[in-house]
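Architecture at a glance
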Amino acid sequence: MVKRPEIGDTGRLFPKARKRFGQHFLEPAWVARMVDRMEVRPDDTILEIGAGRGALTRPLAERAGRVVAVEIDRILAAELPGLMPPNVHVVEGDVLDLDLAALLATERRPVRVAGNLPYNVSSPILFRLLGAAQGGSLIADATLMLQKEVADRLVASPGSGEYGVLAVQTQLVAEVDRLLSLPPGAFRPPPKVSSAVVRLRFRPPVADPGNPATFERIVRGVFLQRRKTLANALKPVAHQLGRDAGDLLRASGIDGSRRPEVLTVAEFAALSRAVL
Ligand code: SAM
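Here's a quick rundown of the structure.

**Considerations on unusual backbone geometry**
Cis peptide bonds are those with omega within 30 degrees of zero, and the linkage from Arg 188 to Pro 189 qualifies with -15°. By secondary structure assignment, the location of Pro 189 is in the loop between strand S10 (187-188) and strand S11 (195-202). Unlike most non-glycine residues, Glu 39 shows phi in positive territory, near 50°. Along the polypeptide, Glu 39 turns up in the loop between helix H1 (28-38) and strand S4 (45-49). Judged by its relative accessible area of 57%, Glu 39 is exposed. Its identity is not glycine, yet Gln 134 carries a phi of approximately 50°, on the positive side. By the element assignment, Gln 134 lies in the loop between helix H5 (122-132) and strand S8 (139-147).

This is the structure we're talking about:
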């Protein structure tokens, strides 16, 4: 079906926003605020996820040395190079299929990531970034537009209702700050939800998690039963790992009568190390 064209902010005709790609284009006033908060330097290389019509790409390219802009929509990806400054390199494709380490292999310094993310795939994209950051040596930081509820879960502290897998996995390898809160009207077309910009500053793990896959299994496993005591919530995953939950708690010095949702990231790491 041919989509009705509409005027983009560069004055050109663009196809209508495509829902299946989570296309909600950021209005200029909010573009300026988001880019300002990033404090881009001339020697930065920025990896932009979901360049869209280039609303963020252009101001980023005006401040940075280089922008690598990934866009899944073939029509937009084909338009962008002709509209953007020459220091923008457009990569057409699904960011979830890209080998980020290979894409960034020639960079001399850690890159900085930016993106007004498609909300339907924001969690898988976040996990890809967490896996690729390599303690800040490949990716220094990521400034991301997210659905407000996802941002709340990223910045959550132990004991709060939003604290869970996303907070623990993220805070293991990054400092997380909320930079901006945005209403639906900050985008065209407006999404049904509110949004927030968060910044992840990558660093080596706050505590040694032992085997990262074991850490992830333990965190996911106990949060499936977050209302139970830790002693009970840990049983199924400990069993799958061929270990006894009581032994793991004793070895890590953690009281099994506590609830999973009050454990700090360092305590989850201690539990994971006890499996080794
Ligand atoms: N950066 C633009 C802006 O702020 O106006 C567009 C943001 S829009 C919320 C998200 C963009 O990500 C869309 O252009 C969409 O086509 C693109 N996108 C969606 N899924 C993607 C994926 N898996 N990989 C790369 N880009 C994707």
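**Brief notes about the site of the ligand**
Not every one of the 21 residues close to the ligand is listed here, only the nearest: Gln 23, Gly 50, Glu 71, Asp 94 and Asn 116. Residue Gly 50 places a main-chain N or O atom 2.8 Å away from a nitrogen atom belonging to the ligand. Considered on its own, the ligand offers 600 Å² of accessible surface; in the complex 98% of this is hidden by protein. Class assignment for the residues of the shell around the ligand results in ten nonpolar, seven polar and four charged.

**Examining the sheet that holds strand S5 (residues 66-71)**
Taken in spatial order, the seven strands line up as S6-S5-S4-S7-S8-S11-S9 in an open sheet, and their pairing is mixed. The two strands at the open ends of the sheet, each matched to only one other strand, are strand S6 (88-92) and strand S9 (174-182). Taking the axes of each pair of neighbouring strands and ignoring which way they run, one obtains an average angle of 20° across the sheet. Bridging between S5 and S6 involves five bridges; their strand directions are parallel. Of the residues in S6, the one forming a bridge with Val 67 is Val 88. Its contacts with the sheet put helix H3 (residues 74-83) on S5 and S6, and the angle it makes with S6 is roughly 160°.

**Side note on the pairing of S8**
Burial of S8 is extensive: seven of the nine residues sit out of reach of the surface. With H5 bridging strand S7 (residues 111-116) and the parallel S8, this β-α-β connection has right-handed handedness. The pairing of S8 with S11 spans seven bridges and is antiparallel. Residue pairing in the sheet places Ala 142 in a bridge with Leu 200 of S11.

**Concerning the pattern of salt bridges**
With the rule as written, the count across this model stands at 16 salt bridges. A salt bridge links Asp 43 to Arg 109, with the nearest nitrogen and oxygen atoms 3.4 Å apart. With Asp 43 in the loop between H1 and S4 and Arg 109 in the loop between helix H4 (100-103) and S7, the pair connects residues that are 66 residues apart, well separated along the chain. Between Arg 178 and Asp 152 there is a salt bridge; the shortest N-O distance is 2.8 Å. Residue Arg 178 is located in strand S9, and its partner Asp 152 is located in helix H6 (residues 148-155); the two are separated by 26 residues in the primary sequence. Given a relative accessible area of 15%, Asp 152 falls into the buried group. Overlapping salt bridges bring together Arg 41, Asp 44, Arg 112 and Asp 141 as one network.

Rules behind the numbers
- Residues numbered from 1 in each chain as written.
- Predicted model: local features only at pLDDT ≥ 70, side-chain atom pairs only at ≥ 80, totals over all residues.
- Heavy atoms only, no water.
- Helix = DSSP H or I, 4+ residues; strand = E, 2+ residues; numbered from the N terminus.
- Buried < 20%, exposed > 50% of the residue type's maximum accessible area, 1.4 Å probe, protein only.
- Near = heavy atom within 4 Å.
- Polar contact = N/O pair within 3.5 Å; in protein donor to acceptor, adjacent residues only side chain to side chain.
- Areas by Shrake-Rupley, 256 points an atom, 1.4 Å probe, with all protein chains shown as cover.
- Nonpolar A, V, L, I, M, F, W, Y, C, P; charged D, E, K, R; others polar.
- Pairing = 2+ DSSP bridges.
- Axes fitted to C-alpha atoms, helices over the stretch in contact; angles between N-to-C directions.
- Contact = heavy atoms within 4.5 Å.
- Right-handed = clockwise from strand over helix to strand, strands pointing away.
- Salt bridge = Lys/Arg side-chain N within 4 Å of Asp/Glu carboxyl O.

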